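Structure assessment
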Amino acid sequence: KIKVLPYVFRQSHPAIFGVAIEAGMLKVGTHLMNSEGKGIDKIKGMQSEGKAIEKATKGKEVAISLPNVTVGRQVKKSDILYADIPERDFVQLKENKKLLTNDEISLLQEIVKIKRKEKTTWGF
């Protein structure tokens, strides 16, 4: 779960902007969706303090690049975005719930609520 910050370094081709990681872990290659469950894009790259990184954890602020997004259209400042996890991955996480933190479990519950707006049996 990430929050879009008001730092926009480039609006498009690719869009590069700041985000704060509010829960979980963010990795390059993660597909993102908005709070309505609509797919946004896949993270192409991530930087922290001018250095390319592969992942970042809760509490960090990083810049991400999304090649098929325009800031102000698909993504707006202060939007909350979520990892768009495949249903089969969610089922595996649910089966291994004992390995997850309470924070990660509550984040998965938020994602399930979003996904079940479109498909009521998602994750069963």
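The structure we're discussing is the one just above.
Structure report, in brief.

Rules used in this analysis
- Residues numbered from 1 in each chain as written.
- Predicted model: local features only at pLDDT ≥ 70, side-chain atom pairs only at ≥ 80, totals over all residues.
- Heavy atoms only, no water.
- Pairing = 2+ DSSP bridges.
- Helix = DSSP H or I, 4+ residues; strand = E, 2+ residues; numbered from the N terminus.
- Contact = heavy atoms within 4.5 Å.
- Axes fitted to C-alpha atoms, helices over the stretch in contact; angles between N-to-C directions.
- Phe/Tyr/Trp six-rings, centres within 6.5 Å; stacked < 30°, edge-to-face > 60°.
- Buried < 20%, exposed > 50% of the residue type's maximum accessible area, 1.4 Å probe, protein only.
- Lys NZ or Arg CZ within 6 Å of the ring centre and 35° of its normal.

**Things to note about the sheet that holds strand β2 (residues 15-21)**
The sheet built from eight strands is open, its strands ordered β5-β4-β10-β1-β2-β9-β6-β7 with antiparallel pairing. Unpaired on one side and paired on the other, β5 (39-42) and β7 (51-52) mark the two borders of the sheet. For strand β4 (residues 31-34) and strand β10 (residues 80-83), the ladder comprises three bridges, and the chain directions are antiparallel. Each residue of the ladder has a partner; that of asparagine 34, found in β10, is leucine 81. Helix α2 (residues 102-118) rests against β4 and β10 of the sheet, and its axis sits at about 100° to β10.

**As for the packing of aromatic side chains**
Pairs of aromatic rings are described using the distance from one ring centre to the other and the angle between the two planes. Inspection of the entire model under this criterion finds one aromatic pair. Relative to tryptophan 122, the ring of phenylalanine 90 has its centre 5.1 Å away and its plane inclined at 35°; by these criteria the two rings are tilted. Placement of phenylalanine 90 in helix α1 (residues 87-95) and of tryptophan 122 in the segment after α2 is noted, with a sequence separation of 32 residues between them. An identical accessibility class is assigned to phenylalanine 90 and tryptophan 122; each is buried. The ring centre of phenylalanine 124 lies 4.2 Å from the NZ or CZ of arginine 116, which sits over that ring.

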